[in-house]
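Fold and geometry: a report
Each chain, letter by letter, is given below.
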There are 2 protein chains.
Amino acid sequence: MTKEVVIDGGGFAGLRAAKVLGHTEGVHVTLIDKANHHLFQPLLYQVATAGLSQSDIAMPIRSILSEFQNIKVLQGEVTGVDFKARTVTTDFGVLSYDDLILACGVRHSYNGHEAWEPYAPGLKTLEQAVEIRRRILSAFEVAERAEDAAVRRRALTFVVVGGGPTGVELAGSIGEMTRYTLSRDFRNIDPKLTRIILVESGARILGSFPPKQSSRATRDLEKLGVQVWIQSPVSQINETSIEVGAEKIETMTVLWAAGITGTEINQGLGVETGAKGRLVVDAYLNIPGQPDVFVAGDQAAFTDPSGQLLPCLSPVAIQQGQAIAENILRDIKGEPRVSFDYANKGQMATIGRSRAIVDLGFVRLQGVIAWMTWLLVHIYFIAGFNNRLSIFLKWCFSYLTNKKGARIISGASWRFFDTLPETKLDKDISDSLDVAEGQEV
Amino acid sequence: MTKEVVIDGGGFAGLRAAKVLGHTEGVHVTLIDKANHHLFQPLLYQVATAGLSQSDIAMPIRSILSEFQNIKVLQGEVTGVDFKARTVTTDFGVLSYDDLILACGVRHSYNGHEAWEPYAPGLKTLEQAVEIRRRILSAFEVAERAEDAAVRRRALTFVVVGGGPTGVELAGSIGEMTRYTLSRDFRNIDPKLTRIILVESGARILGSFPPKQSSRATRDLEKLGVQVWIQSPVSQINETSIEVGAEKIETMTVLWAAGITGTEINQGLGVETGAKGRLVVDAYLNIPGQPDVFVAGDQAAFTDPSGQLLPCLSPVAIQQGQAIAENILRDIKGEPRVSFDYANKGQMATIGRSRAIVDLGFVRLQGVIAWMTWLLVHIYFIAGFNNRLSIFLKWCFSYLTNKKGARIISGASWRFFDTLPETKLDKDISDSLDVAEGQEV
């Protein structure tokens, strides 16, 4: 009799699990995702800063998995799970499972200030990336036609909240854009005079990296005209300004890259949630007491034997997806399950066009060499030959000419962002800009 | 003293006029457009059918014109003109002009049935193309997960209204997509069984082409599974169905490619409007009695000496932009103006992946040869090396693999389309799928 495996989420974890179970006798897989595409989250900031197009970093899950006849892909949202009945409820009906893999990621959090969202969009979905791009480019258009110096100054001030990899990448690319890409295009303004502030509440940016690399990244950002404010908690955000500690900054454009939280579904399961509302799992990535319910990727709060909680990174997600699928295969063969053991692949972050920091544990790289490492890793691992080639060409082109390939203001209006369904906000992988073998899905 | 030329619209006509006036001593140009990008309208249907990404067919007007120090580009909307005071009113202030070039195109028209728009989006802007793509791809997702056969049948029925080039290209690409691209990706449905109906109220499709080519195009469409209904006026459209004559067709997806009309601004000018609300112009492309106000492209209703009204095609727009700019230069040199004379470049339309019809007047081509001609012309003339290369690669890729590069469902929801500001609907060039030297801007 066939084993029915349901996977919630087509991110790095879910996709890897599906591929391992593909072509397997006696297993049928149903993968559910709210989007029709797998999103290559590590490069999402490049869509937001006009370096890449949406389709460069998104692939239809259907076509990624089309070779596997035992895998069915359905677009929809899982809204609840009944552990006893072994069923999942979705927005299009109820499905039964023998094994369930939850891998629908996290959503970003405003730490209780959800009202800030319209003024400070986060970066998790393609729609949000396009909206951020629209806001950044529109700000320069406003400045170019502004009569009033105060309006112009406000339009040319950008604030990025959160000094993690996403915040650093966003601030760095905006800096690079103003320094190089836009410099020749305007008559009334000088984009080089743009003010870019990266705001971090903690003691240093890129806290997950060694302190030396944090300060190197800070210097690199400053070279691109980015001011780095540490120990600066945000107290207020509205349409025209942001308050950081005592300071009030007039700005049209605030971007949010601080904080994540579990998705709505986690609350409804009635099981233990750990830090950031992620689901606590045991050594086998099961919800304790539920051997047929697995959790992988950002949605899982897995603490390794050394007592360390694994971060929200694509390598973690991919390895967990792999481990879960292999245990399901062991069940079929009647072999005992193996507990999950994370092989640390290190982390990377890039700053602007030709600098990065790479921490592989045994070796740490800075500057151009780190950037080239970063570039190769990302081009090599991104899903889909088509995308890879197109991205590679765009990067060469923009490196050689300082032009950006995708400087298109799209997405209708502020209203567009307001009408994003809530459900769109809680998918995909979090700040997984830090990647290595990461991208192989 | 410097002559101030204001251009409303960065389409084929406005861009060409700006380029001719660029680098000219004693001329300062201000180009205003609602979007920040020039849109390569002839390929917009490929974005709508997932063959290309937005940025492949859109280029920032700013960067196209950045080499010209005497040209300033402002993003905004011209809302009115004061012929006496020689000023234009915009949403960001008032500008004075010595010469004014109106070239902001047409918008599509529902011939008095504006209520149909939410159920039958038209194809004029990038936002609309993305929305159409979202609807087409989502319909297959609905069908794949539908339990009810009636729902599935409705989801797999597509109706395109309007048998002009845009309607033919849309219907043809949907047919191709269902036959080749999607065929292997679904488990519950067979995309080949998709029902595609092209509805034309007139006696034949592609009325602007010779009858022989119309019937060839009809046969080519039928080979792709498209039913062509002629003499079939639409009487009703709602969320779940469309009524064509006596027949009622259950469908989730209706696309509108029938009819255009002038933009709002035309009404406010208090001058004569011709067919479809376009502005009547004299032999010099001036509004009669206004020698310093020119109209070009789709916005102009120009009747040539033989009494024929010129169609809405990019070659017309480009030649008119050129002629107007040259007359402005003649004014400066004190030479007499020259009346406009259109050099007919013929027209083309493509049907699916490897068929097209080309009518150059002196020669008419069908089938694969016509398609290759069409392909070369479009790749050669599209603005921007970057785009051209990327498009060429995508076409090669999709031709060889039958995959589509941009099958991403984006754009948040039905609500997204509803919140498109009216102003977004009335720009760019109309059914200028028919192109030749057309694309050179």
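Values in this document were obtained by computation on a predicted structure and should not be read as measured data.

1. Looking at the overall build of chain A
When helices and strands are counted, chain A shows 13 helices and 25 strands. In chain A, which comprises 441 residues, the share counted as buried stands at 65%. For chain A, the proportion of contacts with a sequence separation of at least 24, taken over those separated by at least 6, is 69%. Accessible surface, chain A as shown: approximately 15,400 Å² in total, 53% of it carbon and sulfur.

2. Concerning the packing of helix α1 (residues 12–21) of chain B against helix α10 (residues 314–333) of chain B
Residue and element names in this part refer to chain B. Direction vectors running N to C along α1 and α10 enclose 30°, while the axes themselves pass 7 Å from each other. Between α1 and α10 lies a crossing of right-handed hand. Touching Phe12, Ala13, Arg16, Ala17, Val20 and Leu21 of α1 are Ser314, Ala317, Ile318, Gly321, Gln322, Ala325, Glu326, Ile328 and Leu329, all from α10. Broken down by class, the residue content of the contact of α1 with α10 amounts to 10 nonpolar, 3 polar and 2 charged.

3. Side note on the nonpolar core
Ile57, Leu65, Val81 and Leu102 of chain A are the most contacted members of the largest nonpolar core, which has 115 residues in total. By size, the runner-up hydrophobic cluster in this structure holds 114 residues, among which are Ile32, Leu43, Val281 and Ile328 of chain B.

4. Points about the sheet that holds strand β9 (residues 99–102) of chain B
Residue and element names in this part refer to chain B. If you trace the 6 strands from one edge of the open sheet to the other, you get β5-β2-β1-β9-β21-β20, paired in mixed fashion. In the strand order of this sheet, the two ends are held by β5 (71–75) and β20 (286–287), each with one partner. Summarising the sheet, β20 and strand β21 (residues 290–295) pair through 2 bridges and their orientation is antiparallel. Along β21, the bridge assignment pairs Ile287 with Gln290. Contacting β1 (3–8), β2 (27–33), β5 and β9, α1 crosses the sheet at an angle of about 160° to β2.

5. Some details on unusual backbone geometry
All names here are of chain B. We note that Ala50 has phi near 70°; this positive angle belongs to a residue other than glycine. Counting through the fold element by element, Ala50 comes out in the loop between α2 (44–48) and α3 (54–57). Classification of Ala50 by relative accessible area gives buried; the value is 0%.

6. Overview of the sheet that holds strand β12 (residues 195–199) of chain A
Residues and elements named next belong to chain A. Pairing within the open sheet is parallel, and its 4 strands lie in the order β13-β12-β11-β17. Of all the strands in the sheet, the pair left with one neighbour each is β13 (226–229) and β17 (253–256). The average undirected angle you get between the axes of adjacent strands in this sheet is 20°. On the sheet, helix α7 (residues 165–181) packs against β11 (157–161), β12, β13 and β17 and is oriented at approximately 170° with respect to β12.

7. A look at the packing of aromatic side chains
Residues and elements named next belong to chain A. For the coordinates displayed, the defined rule picks out 12 aromatic pairs over all chains. Measuring from centroid to centroid gives 6.0 Å for Phe140 and Phe186, while their planes differ by 40°, and the two rings are tilted. Of this pair, Phe140 sits in helix α5 (residues 126–145) while Phe186 sits in the loop between α7 and β12; the two residues are 46 residues apart in sequence, bridging distant segments of the chain. The same class applies to Phe140 and to Phe186, which are both buried. Among the aromatic residues, those joined into a cluster by ring pairs are Tyr110, Trp116 and Trp256.

8. Describing the pairing of strand β8 (residues 93–96) of chain A
Residue and element names in this part refer to chain A. By the bridge criterion, 4 bridges tie strand β7 (residues 87–90) to β8 in an arrangement that is antiparallel. What sits directly across from Val88, in β8, is Leu95. Turn length for the β7-β8 hairpin, with the two strands adjacent in sequence and antiparallel, is 2 residues.

9. Overview of the side chain of Asp99 of chain B
Residues and elements named next belong to chain B. By the secondary structure assignment, Asp99 is in strand β9. A relative accessible area of 2% means that Asp99 is categorised as buried. Separated by 3.0 Å, the side chains of Asp99 and Lys3 make a polar contact. Discounting residues that sit within four places of it in the chain, Asp99 has contacts with Lys3, Glu4, Val5, Val6, Pro291, Asp292, Phe294, Ile328 and Arg337.

10. Points about the state of the cysteines
Residue and element names in this part refer to chain A. Applying the stated criterion to the full structure yields 0 disulfides over all chains. With no disulfide of its own, Cys312 lies 12 Å from the sulfur of Cys104, the closest cysteine sulfur. Cys312 sits in the buried class, given a relative accessible area of 10%.

11. Some details on the environment of Glu250 of chain B
All names here are of chain B. For Glu250, the position within the fold is in strand β16 (residues 247–250). Overall, Glu250 belongs to the partly exposed group, its relative accessible area being 35%. Sequence-wise, Glu250 and Leu182 are 68 residues apart; in three dimensions their C-alpha atoms are separated by 22 Å. In this structure, Glu250 is in contact with Arg154, Thr157, Thr240 and Ser241, ignoring residues within four places of it in sequence.

Reading the values: rules and limits
Residues numbered from 1 in each chain as written. Chains lettered and ligands numbered in written order. Predicted model: local features only at pLDDT ≥ 70, side-chain atom pairs only at ≥ 80, totals over all residues. Heavy atoms only, no water. Helix = DSSP H or I, 4+ residues; strand = E, 2+ residues; numbered from the N terminus. Buried < 20%, exposed > 50% of the residue type's maximum accessible area, 1.4 Å probe, protein only. Contact = heavy atoms within 4.5 Å. Areas by Shrake-Rupley, 256 points an atom, 1.4 Å probe, with all protein chains shown as cover. Axes fitted to C-alpha atoms, helices over the stretch in contact; angles between N-to-C directions. Left-handed = near helix turned anticlockwise from the far one by under 90°. Nonpolar A, V, L, I, M, F, W, Y, C, P; charged D, E, K, R; others polar. Core = buried A, V, L, I, M, F, W, Y, C linked by side-chain atoms within 4.5 Å. Pairing = 2+ DSSP bridges. Phe/Tyr/Trp six-rings, centres within 6.5 Å; stacked < 30°, edge-to-face > 60°. Polar contact = N/O pair within 3.5 Å; in protein donor to acceptor, adjacent residues only side chain to side chain. Disulfide = S-S within 2.5 Å.

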